[in-house]
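# Descriptive structure summary
Residues per chain, in single letters:
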Amino acid sequence: MTPRRTRKAVGWIVATIVGMVTLAAVAAAQPGGPSAPQLDSLVRAAQQSIGAPGISVAVGVGGRIAYSGAFGSADVENAVPATAATVYRTASVAKPFTAAAVLRLAAQRKLELDRSIRAYVRELPATYDRVTLRDLLRHTGGVRHYRNDAEFVTTRHCDSLAQALAIFATDSLEHAPGEKITYSSYGYTLLGLAVERASGQRYVDVVRTTVFEPAGMRGTRLDDLAVVPHRARGYRRAEGQPLANAPPLDASCRVPAGGFVATAEDLVRFAMALDAGTLLDARSVREMTRSHLTPDIIARTLAGLPVPPGYQPPGMGFGWAVEPDGRAVYHGGNQPGFTSMLYHVPDRDLSVAVMTNLDGAGDALTELARRIAATYADPVRK
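Residues numbered from 1 in each chain as written. Predicted model: local features only at pLDDT ≥ 70, side-chain atom pairs only at ≥ 80, totals over all residues. Heavy atoms only, no water.

### With respect to helix α2 (residues 36-50)
Threshold: Secondary structure elements follow DSSP: runs of H or I of four or more residues count as helices, runs of E of two or more count as strands, with numbering from the N terminus. Helix span is expected to be 1.5 Å times the residue number reduced by one. The cut-offs for exposure are 20% and 50% of the maximum accessible area for each residue type, with area from a 1.4 Å probe on protein chains only; residues under the lower value are buried, those over the upper are exposed, and the others partly exposed. For this quantity, the arc is that covered by the directions from the helix axis to the C-beta atoms. Working rule for contacts: check all heavy atoms of both residues, and any pair within 4.5 Å makes them a contact.
Taking 1.5 Å of rise per residue, the 15 residues of α2 would be expected to cover 21 Å, and the 21 Å separating its terminal C-alpha atoms lies within 8% of that figure. Three or more residues of α2 are buried, namely A36, L39, D40, L42, V43, A46, Q47 and I50. Taken end-on, α2 shows its buried residues confined to a sector of 160°, consistent with a single buried face. Buried residues in α2 make contact with β1 (54-61), β2 (64-75) and α13 (362-375).

### Let's talk about the state of the cysteines
To keep it simple, the criterion reads: Disulfide assignment relies on a single distance test, namely cysteine sulfur atoms paired within 2.5 Å.
Using the criterion set out here, one finds 1 disulfide in the structure. Sulfur-sulfur distance for the disulfide between C158 and C253 comes to 2.0 Å. Around the S-S axis, the bridge from C158 to C253 shows a dihedral of about 95° and counts as right-handed. With C158 in the loop between α5 (149-152) and α6 (165-168) and C253 in the loop between β7 (244-245) and α9 (255-258), this pair connects stretches of sequence that are 95 residues apart.

### Some words on the packing of aromatic side chains
What counts, and what does not: Pairing of aromatic rings covers Phe, Tyr and Trp, the last through its six-membered ring, and needs centres within 6.5 Å; plane angles under 30 degrees mean stacked, over 60 mean edge-to-face, and all others mean tilted. Either the NZ atom of lysine or the CZ atom of arginine qualifies as a charge over a ring when it sits within 6 Å of the ring centre and within 35 degrees of the ring normal.
Applying the stated criterion across every chain yields a total of 11 aromatic pairs. Ring centres of F97 and F212 lie 5.4 Å apart, and the angle between their planes is 85°; this geometry places the pair in the edge-to-face category. Remark: F212 occurs in helix α8 (residues 203-215) and F97 occurs in helix α3 (residues 94-107); sequence separation between them is 115 residues. Neither residue differs from the other here; F97 and F212 are each classed as buried. Taken together through their ring pairs, the aromatic side chains of F97, Y203, F212, F260, F270 and W320 make up a single cluster. Lying across the ring of Y330, R370 places its NZ or CZ 5.3 Å from the centre.

### Some remarks on the sheet that holds strand β8 (residues 260-262)
The strands making up a sheet associate through backbone hydrogen bonding, with each pair oriented either parallel or antiparallel. What counts here: In this description, strands pair whenever DSSP reports at least two bridges between them.
What the 3 strands build is an open sheet, ordered β4-β8-β5; its pairing is antiparallel. Here the strands that pair on one side only, and so sit at the sheet edges, are β4 (88-89) and β5 (221-222). Across 2 bridges, β5 lies against β8 in antiparallel orientation. Residue L222 lies in a different strand from β8, and its bridge partner there is F260.

### Re α8
For clarity, the cut-off: Throughout, bend refers to the angle between the axes fitted to the seven residues that end at a position and the seven residues that start at it.
The end-to-end C-alpha separation of α8 is 17 Å, in line with the 18 Å expected for 13 residues at 1.5 Å each. At T209, α8 shows its largest bend, some 35°. Among the residues of α8, Y203, V204, D205, V206, V207, T210, V211, F212 and A215 are the ones counted as buried. Turning to α8, the residues buried within the fold contact α3, α7 (185-199), β5, α9, β8 and α10 (264-276). Positive backbone phi, approximately 75°, marks G216, located one or two places after α8.

### Some remarks on the environment of T339
Applied cut-off: Two N or O atoms form a polar contact when they lie within 3.5 Å of each other; inside protein one atom must be a possible hydrogen donor and the other a possible acceptor, and for residues adjacent in sequence the pair counts only when both atoms belong to side chains.
Relative to the helices and strands, T339 is located in strand β12 (residues 338-345). Residue T339 is classed as buried on the basis of its relative accessible area, which comes to 1%. Taking the C-alpha atoms as reference points, T339 and A364, 25 residues apart in sequence, are found 9.9 Å from one another. Excluding residues within four positions of it along the chain, T339 makes contact with G333, N334, V354, M355, T356, L358, D359, G360, A361, G362 and L365. Polar contacts involving the side chain of T339 include one to the side chain of N334, which spans 3.4 Å. Among the polar contacts listed, one links the side chain of T339 to the backbone oxygen of L358, at a separation of 2.6 Å.

### Digging into the packing of α3 against α7
Just so we agree on the cut-off: To define axes, lines are fitted to C-alpha atoms, for helices over the stretch in contact only, and angles between the resulting N-to-C directions are given on a 0 to 180 degree scale. Crossing handedness follows the turn of the near helix against the far one: under a right angle anticlockwise gives a left-handed crossing, and clockwise gives a right-handed one. For this classification, the nonpolar set comprises Ala, Val, Leu, Ile, Met, Phe, Trp, Tyr, Cys and Pro, the charged set comprises Asp, Glu, Lys and Arg, and every other residue, Gly included, is treated as polar.
Closest axis-to-axis distance for the α3/α7 pair is 10 Å, and the angle between their directions is 35°. Read as a crossing pair, α3 and α7 show a hand that is left-handed. From α3, K95, T98, A99, A101, V102 and L105 reach across to α7, where they touch S185, Y188, L191, G192, V195, A198 and S199. Of the residues contributing to the contact of α3 with α7, the split by class is 8 nonpolar, 4 polar and 1 charged.

### A short note on the pattern of salt bridges
Rule in force here: Put simply, a salt bridge is a Lys or Arg side-chain nitrogen that is within 4 Å of an Asp or Glu carboxyl oxygen.
One pass over the structure, following the stated rule, counts 21 salt bridges. Here R208 makes a salt bridge to D205, at a shortest N to O gap of 2.8 Å. One end of the pair, R208, and the other, D205, are both in helix α8, 3 residues apart, so they sit about a helical turn from each other. Residue R208 is classed as partly exposed on the basis of its relative accessible area of 36%. When its relative accessible area of 19% is taken as the criterion, D205 is described as buried.

### Concerning the sheet that holds strand β11 (residues 329-335)
Overall, antiparallel pairing links the 8 strands, which are arranged β3-β2-β1-β13-β12-β11-β10-β9 in an open sheet. Across the chains shown, the open sheet's two edge strands, defined by having one partner strand only, are β3 (80-81) and β9 (315-316). Inspection of the sheet shows strand β10 (residues 321-322) paired to β11 by 2 bridges, in the antiparallel sense. Note that in β11 the partner of A321 across the bridge is Y330. Along the sheet, α2 makes contact with β1 and β2, crossing β2 at roughly 35°.

### What to know about unusual backbone geometry
The backbone phi angle of R109 is positive, close to 60°, even though this residue is not glycine. Take R109: it is sitting in the loop between α3 and α4 (133-137). One non-glycine residue, D349, adopts positive backbone phi at about 50°. Following the sequence through the fold, D349 ends up in the loop between β12 and β13 (350-356). Its relative accessible area of 12% is what places D349 among the buried residues.

See below:
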């Protein structure tokens, strides 16, 4: 098994990348950091390698947008260029939004992280008795992920998050809660329901008023059938095949796990708001961005896998993967037609967001975000 498949075993979906096309940029450089042309060059090279129709990148440093670059086409068929205002699917980058909402309610003592999810979602079967909110936040609850491609790429509609329970809630858990990692978008649907039951409001209203608006994420909204200004069209390319439109997706049954659209700048604004203490207190941010995996959980997750020599798995925070050295956190997302990545270095006030309208580009976007972060060599804040 390759390092790529081992990473999948600990819950991070990766994909094959192919090559083609590029266009123009809009950028502003941070004084003392890399120049706009330097970053433009990195992004253009990645776009060509990935073969992405369009790509938008934003960097936040010290509480401000330091760079915003956009290249290629937001809509190939209509020759619409990508810009800083282009809106892409966040896909699973929604999970840190949900984690922030949960931690905010926990700080208000409306949710308890070590309490069973059944205390809030009472219609769940008894098999969920030992599944805590902490387990769901760090993907150790044993709740299954998508069963197959048909379940992942679906047009099934849910009028409420509670309706989504019919998809997975009566299925057996994959393992005992807390035993090992099973990445689960449905686990985050459960967290969204807990947010609703604890707050007495719809999940989307809670994240809008407690996350998006305070963070200044003006381009972030529900991924639904409404007309959204500057929304990119999504594409995919099978190996050896020409670019094609991505199939339709209805994300209404998984909103807390991946049901929003946003700009790259908005993703950076989210990370900057965490640094600034706008969304959560310092203690909650530390809990969110540190790994909550014990050596036993990691060992059980990797048991039986031919782990390459020297391989270090990422840690798992609340809504974030944690780099093995603990200094940076990140989360990627992949849905039909789109790939996204948010990379955040808390002790440097540094964040990088990369969004593209091509699916299956996860590895390349992660590498690009890391490379961009590395160009800001000097710590911004101790």
